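An overview of the molecular structure
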Amino acid sequence: MNLNNVSIMGNLTRDPEMRSLPSGKEVCSLSIANNRVYMKNGERVSEVNYFDVDVWGITAENCSKYLTKGNGVIVEGRLRQDRWEKDGKTLSRVKITASAVHFMPKKQNHSTGSSTDDMSNNKVTEDQAAMAISPEDISWEE
């Protein structure tokens, strides 16, 4: 029996990048940072790990449309190892292939009660209104 499942929570380190493959399929690439804080010899230690994520199908479209750098996400999926040769050496890297991406709520500005996004003059743009769609309203499964 084989098992290959991963769940990880973190923040996007850059805006999602959507690209089309020669096959016509579209894939959205995410890069997330995951922070770990622990105690070592009585001192608080902070560790950051970075993960590359590939998202496919309708989930890829939603990530590209609604996520930006800094957004929090929970990614569920599997690990995939890419291998290639360069200068006679075999290189590899491990990526996450997402089966589901859950958007985390936007951080609130405690002094004003508003989102940390720019909402100057209290006017809501069409893009900001689209961001108000709750994750339950959008299909996330591949």
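So, here is what we can say about the structure in this document. (Residues numbered from 1 in each chain as written. Predicted model: local features only at pLDDT ≥ 70, side-chain atom pairs only at ≥ 80, totals over all residues. Heavy atoms only, no water.)

A look at the overall build of the chain
Here is the rule: The way it works is that DSSP assigns letters per residue, a run of H or I at least four long becomes a helix, a run of E at least two long becomes a strand, and they are numbered from the N terminus. Any two residues whose heavy atoms approach within 4.5 Å are treated as being in contact. Computed with a 1.4 Å probe, the accessible areas rest on the Shrake-Rupley method; for each residue, only the protein chains presented here act as cover.
Scanning the chain from N- to C-terminus turns up two helices and six strands. Ordered by position in the sequence, the α and β elements of the chain form the string β-β-β-β-α-β-β-α. Expressed as a percentage of contacts within the chain between residues at least 6 apart in sequence, the contacts between residues at least 24 apart total 56%. As presented, the chain carries roughly 10,100 Å² of accessible surface, and 48% of it is formed by carbon and sulfur atoms.

A word on the nonpolar core
We count it as follows: Nonpolar cores were defined as sets of buried Ala, Val, Leu, Ile, Met, Phe, Trp, Tyr and Cys residues, with membership established by side-chain atoms within 4.5 Å. A simple rule labels every residue: compare its accessible area, found with a 1.4 Å probe on the protein chains alone, to the largest value its type can have, and call it buried under 20%, exposed over 50%, or partly exposed in between.
Membership of the largest hydrophobic core comes to 18 residues, with the highest contact counts inside it found for Val53, Val55, Cys63, Val73, Val75 and Val101. When contributions to this core are tallied by element, the ones reaching two or more residues are β1 (6-12), β3 (26-40), β4 (43-56), α1 (57-66), β5 (72-86) and β6 (89-103). Ranked by the residues each element gives to this core, the list is headed by β6, at four residues. Excluding residues within four positions of it along the chain, Val73 makes contact with Ile8, Met9, Gly10, Leu12, Ile32, Leu67, Val101, His102, Phe103 and Met104.

Notes on α1
Threshold: The arc in question is the one spanned by the directions pointing from the helix axis to the C-beta atoms.
Residues of α1 that are buried: Thr59, Ala60, Asn62, Cys63 and Tyr66. Buried positions in α1, seen along its axis, are confined to an arc of 165° and lie on one side of it.

Considering the pattern of salt bridges
Convention followed: Whenever Lys or Arg places a side-chain nitrogen within 4 Å of a carboxyl oxygen from Asp or Glu, that contact is recorded as a salt bridge.
For the structure on display, the rule yields six salt bridges. The partner of Arg36 in a salt bridge is Glu47, with the nearest N and O atoms 3.8 Å apart. Placement of the pair is Arg36 in strand β3 and Glu47 in strand β4, with a sequence separation of 11 residues. Residue classification places Glu47 among the partly exposed residues on the basis of a relative accessible area of 26%. Taken together, the shared-partner salt bridges in this structure form one network comprising Asp54, Arg80, Asp82, Arg93 and Lys95.

Quick word on the side chain of Asp54
Basically, it comes down to this: In protein, a polar contact requires one atom able to donate a hydrogen and another able to accept it; more generally it is a pair of N or O atoms within 3.5 Å, and residues adjacent in sequence count only if both atoms are side-chain atoms.
Position of Asp54 relative to the elements: it lies in strand β4. For Asp54, a relative accessible area of 3% translates into the label buried. A distance of 3.3 Å separates a polar atom in the side chain of Asp54 from a polar atom in the side chain of Lys95. Residues within four places of Asp54 in sequence aside, it is in contact with Val27, Cys28, Ser29, Arg80, Lys95, Ile96, Thr97 and Ala98.

A word on the packing of aromatic side chains
Centre distance and the angle of the planes are the two values used to describe a pair of aromatic rings. Note the following rule: Two rings from Phe, Tyr or Trp (for Trp, the six-membered ring) form a pair when their centres are within 6.5 Å of each other. A pair whose planes differ by under 30 degrees is stacked, one over 60 is edge-to-face, and the rest are tilted. Two thresholds decide whether a charge sits over a ring: the Lys NZ or Arg CZ must be within 6 Å of the ring centre and within 35 degrees of the ring normal.
Applying the stated criterion to the full structure yields zero aromatic pairs. If you follow Arg36 out to its NZ or CZ, it ends over the ring of Tyr38, 4.2 Å from the centre.

All quantities given are derived from atomic positions and should not be read as evidence of function.
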